[in-house]
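Observations on the model geometry
Each chain, letter by letter, is given below.
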There are 2 protein chains.
Amino acid sequence: MTYCLGIYLEDGMVFAGDTRTNAGVDAVSKFRKLHLFETPGERMICLLSAGNLGTTQSVVTLLEEGFRGEAEEAECTLYDVPTMYDAALLVGQALRSVTARIGHAPEGQDADFSATFLVGGQITGRRMRLFQVYSAGNFIEATEDTPYLQIGETKYGKPILERVVTPELDLTSAAKCALVSMDSTVRSNLSVGPPIDILIYERDTYKAGITARMTENDPYYQMISRQWAGGLRQLFDELPPPPWGPGAKQG
Amino acid sequence: MTYCLGIYLEDGMVFAGDTRTNAGVDAVSKFRKLHLFETPGERMICLLSAGNLGTTQSVVTLLEEGFRGEAEEAECTLYDVPTMYDAALLVGQALRSVTARIGHAPEGQDADFSATFLVGGQITGRRMRLFQVYSAGNFIEATEDTPYLQIGETKYGKPILERVVTPELDLTSAAKCALVSMDSTVRSNLSVGPPIDILIYERDTYKAGITARMTENDPYYQMISRQWAGGLRQLFDELPPPPWGPGAKQG
């Protein structure tokens with residue numbers, strides 16, 4: 001599995017992805033899922049991937065080295081596309097191209113070759129945009145009403161995003177929120193694991209602002225994880241007992 | 001969808017289930033998923049159901065009105081089975097019988113007739129047991145290491161169980177924890193909704209101790225939900241910002 005998320009704010013964007021990949025619990029390895037396509041001062045595009053590793057690596061190669069999309073006259077990379085909308089289109093087309101080539105699993109084998117992506121960023125003179133590309137190659141966009149998108153194991157990390165993320169949130173708090181969301185997922189799903197890659201983009205800078213990789217021994221990550229766990233437990237203990245509980249009968 | 005859980009403790013057991021059923025978002029209705037089979041002073045068996053409503057209702061009917069299991073010589077109900085292990089066997093057999101009868105969806109229709117159950121309780125002179133019956137009719141049992149079982153939409157409500165539930169937990173705290181787990185699920189999945197049924201069983205009493213149904217207007221449920229939401233937000237705000245965040249650069 002995988003967990004990646006992108007947060008779309010007035011001040012900029014925050015991207016986060018784990019690095020665990022597995023083909024069964026007996027074949028666990030580490031692969032980066034956060035990919036940066038950057039021409040500093042001109043464009044910053046961040047791509048996050050989930051799903052079949054063979055598929056996602058092939059798609060990333062096409063997007064880096066050049067690929068002729070369905071509507072394109074020449075080969076194109078994420079360094080060339082004129083708009084973020086074209087970036088999302090290109091990711092979808094690269095994905096369709098790869099999955100069409102692989103097709104179905106050979107007879108008697110059970111394999112899922114599908115993949116999904118988040119692609120967000122900004123190109124000079126244009127606004128920031130954040131898209132989620134589905135396995136069919138179609139895509140949706142984050143908006144004010146839903147200012148974050150997730151791929152992979154999305155459920156464990158969603159409650160904190162729902163409670164905290166609004167378009168007005170500052171970038172530092174959003175990065176902290178992304179980390180808590182990651183930590184909740186890592187704790188509940190063995191197939192999502194550190195190191196965790198984080199990228200913070202400040203609007204209209206056209207370059208990756210801050211990139212951080214947090215291992216499980218990272219002091220800040222450990223502190224957030226411990227403080228959140230302890231705080232949750234204390235919060236639970238402070239909730240009043242139900243008026244109809246066994247304790248109430250004795251009172 | 002559905003969310004039901006059973007918690008197995010030294011002092012007794014806590015069961016909780018939501019009541020929302022849907023066949024698409026345009027066909028939402030209310031059905032009890034917590035079923036009590038009780039002969040006070042002799043046995044208390046609680047059954048919780050998730051999955052296809054046609055299937056679960058048929059299974060409950062068989063378990064109430066009598067059904068001849070694969071290894072039984074005569075018809076049997078959950079009021080007759082001599083042990084909790086036999087109760088789990090009977091639930092599994094009733095489920096297999098119903099799904100065998102329905103079989104697959106008619107040609108051209110896409111329907112899932114599967115269902116899962118939790119069945120827990122105690123019969124005079126025997127120990128408490130809690131089982132999860134899978135859609136295939138096989139089952140597993142809660143133990144000290146994993147003192148709770150869930151069916152339906154399990155992910156949103158799992159983190160609080162993982163952090164709080166141990167076999168030594170008192171029944172009142174376990175009921176509170178079940179409610180927080182339910183609230184987290186209700187907030188994140190529209191297809192899980194109140195009223196919420198809760199049953200508390202005290203060990204060696206052989207009768208349902210406390211049963212409560214909480215509507216969304218229940219003052220205690222509202223208070224827990226509000227206090228938990230506010231506390232989480234405050235806990236998040238109190239977490240220190242990342243040392244590598246944009247704020248750190250300006251400092």
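This section reports on the structure supplied with the text. Nothing here was measured: the structure is a model prediction, and the numbers come from that model.

1. Considering the relation of the copies chain A and chain B
After a rotation of 180 degrees and a shift along the axis of 0.0 Å, chain A superposes on chain B with an RMSD of 0.0 Å. Both copies of the chain, as the preceding transformation shows, are related through a two-fold rotation axis. In this assembly, 100% of the residues forming the interface of chain A have copies in chain B that are likewise at the interface, indicating an isologous arrangement.

2. What to know about the interface of chain A and chain B
Each partner contributes to the interface: chain A provides 47 residues, whereas chain B provides 47 residues. Together, the buried faces of chain A and chain B total about 4600 Å²; carbon and sulfur atoms form 69% of this surface. The largest per-residue losses of area from chain A upon contact with chain B belong to Arg163(A), Phe236(A) and Trp244(A), which jointly make up 19% of the total buried on that side. On inspection of chain A and its partner chain B, the count reaches two salt bridges. Residue Glu153(A) is joined to Lys155(B) by a salt bridge in which the shortest nitrogen-to-oxygen separation is 2.8 Å. Counting every contact that joins chain A to chain B gives 10 residue pairs in polar contact (both at pLDDT 80 or more). Secondary-structure elements contributing two or more residues to the side of chain A that touches chain B are α3 (158-164), α4 (171-188), β11 (196-202), β12 (210-214), α5 (219-238) and α6 (246-250) of chain A. For the side of chain A that touches chain B, the element with the most residues is α5(A), which contributes 13 residues. When grouped by side-chain class, the residues that make up the side of chain A that touches chain B number 28 nonpolar, seven polar and 12 charged.

3. Side note on the state of the cysteines
Residue and element names in this part refer to chain B. Applying the stated criterion across every chain, the model contains zero disulfides over all chains. Cys46 supplies the cysteine sulfur nearest to Cys4, a cysteine that is in no disulfide, at a spacing of 8.8 Å. Since its relative accessible area comes to 0%, Cys4 is described here as buried.

4. Brief notes about the environment of Glu216(B)
Residue and element names in this part refer to chain B. Note on placement: Glu216 falls in the loop between β12 (210-214) and α5 (219-238). Distance from Glu216 to Gly12, taken between C-alpha atoms, is 27 Å for residues 204 residues apart in sequence. Among residues more than four places away in sequence, those in contact with Glu216 are Pro194, Tyr221 and Gln222.

5. A closer look at the pattern of salt bridges
Enumeration according to the criterion identifies 22 salt bridges over all chains in this entry. Taking the shortest distance from any N to any O, the salt bridge between Glu141(A) and Arg127(A) comes out at 3.8 Å. With Glu141(A) in strand β9 (residues 139-141) and Arg127(A) in the loop between β7 (115-123) and β8 (129-133), this residue pair connects regions lying 14 residues apart in the sequence. In this structure Glu141(A) comes out as partly exposed when scored by relative accessible area, which is 25%. The partner of Arg187(B) in a salt bridge is Asp183(B), and the shortest N-O contact between them spans 3.6 Å. Of this pair, Arg187(B) and Asp183(B) both sit in helix α4 (residues 171-188), four residues apart, which is roughly one turn of that helix. By relative accessible area, which is 2% here, Asp183(B) ends up buried.

6. Quick notes on helix α2 (residues 84-102) of chain A
Two residues of an α-helix separated by three or four positions point the same way, owing to the 3.6 residues in each turn. All names here are of chain A. A rise of 1.5 Å per residue sets the reference length of α2, with its 19 residues, at 27 Å; its end C-alpha atoms lie 27 Å apart and thus fit the reference within 8%. Regarding α2, the residues found buried are Met84, Ala87, Ala88, Leu90, Val91, Gly92, Gln93, Ala94, Leu95 and Val98. Contacts made by the buried residues of α2 are with β6 (43-51), α1 (53-65), β7, β8 and β9. Its side-chain oxygen 3.3 Å from the backbone nitrogen of Tyr85, Thr83 forms the N-cap of α2. After α2 finishes, the residue Gly103 shows a positive phi value of roughly 60 degrees.

7. Observations concerning the sheet that holds strand β7 (residues 115-123) of chain B
Residue and element names in this part refer to chain B. Here five strands make up an open sheet; going across it, the order is β5-β6-β7-β8-β9 and the pairing antiparallel. In the strand order of this sheet, the two ends are held by β5 (34-39) and β9 (139-141), each with one partner. Shown here is a sheet whose adjacent strand axes are inclined to one another by a mean of 20 degrees, direction ignored. By the bridge criterion, nine bridges tie strand β6 (residues 43-51) to β7 in an arrangement that is antiparallel. The partner of Met44 across the bridge, within β7, is Gln122.

8. Comments concerning the packing of aromatic side chains
Under the criterion given, the structure shown has 10 aromatic pairs over all chains. Relative to Tyr79(A), the ring of Phe37(A) lies with its centre 5.6 Å away and its plane at 55 degrees, an arrangement referred to as tilted. Of the two residues, Phe37(A) sits in strand β5 (residues 34-39) while Tyr79(A) sits in the loop between α1 and α2, which places them 42 residues apart along the sequence. A relative accessible area of 33% places Tyr79(A) in the partly exposed class. Summarising the aromatic geometry, the rings of Tyr220(A) and Trp244(B) are spaced 6.2 Å apart at their centres and angled 85 degrees between planes, so their arrangement reads as edge-to-face. Here Tyr220(A), found in helix α5, pairs with Trp244(B), found in the loop between α5 and α6 (246-250), and the two come from separate chains. Here Tyr220(A) matches Trp244(B) in class, with each residue buried. An aromatic cluster of at least three residues, connected via ring pairs, comprises Tyr85(A), Phe131(A) and Phe139(A). The ring centre of Phe236(A) lies 4.6 Å from the NZ or CZ of Lys176(B), which sits over that ring.

About the thresholds
Residues numbered from 1 in each chain as written. Chains lettered and ligands numbered in written order. Predicted model: local features only at pLDDT ≥ 70, side-chain atom pairs only at ≥ 80, totals over all residues. Heavy atoms only, no water. Least-squares fit on C-alpha atoms with pLDDT ≥ 70 in both. Contact = heavy atoms within 4.5 Å. Buried area = accessible area lost by both parts, 1.4 Å probe. Salt bridge = Lys/Arg side-chain N within 4 Å of Asp/Glu carboxyl O. Polar contact = N/O pair within 3.5 Å; in protein donor to acceptor, adjacent residues only side chain to side chain. Helix = DSSP H or I, 4+ residues; strand = E, 2+ residues; numbered from the N terminus. Nonpolar A, V, L, I, M, F, W, Y, C, P; charged D, E, K, R; others polar. Disulfide = S-S within 2.5 Å. Buried < 20%, exposed > 50% of the residue type's maximum accessible area, 1.4 Å probe, protein only. Expected span 1.5 Å × (residues − 1). Pairing = 2+ DSSP bridges. Axes fitted to C-alpha atoms, helices over the stretch in contact; angles between N-to-C directions. Phe/Tyr/Trp six-rings, centres within 6.5 Å; stacked < 30°, edge-to-face > 60°. Lys NZ or Arg CZ within 6 Å of the ring centre and 35° of its normal.

That's the geometry; what it means functionally is another story.
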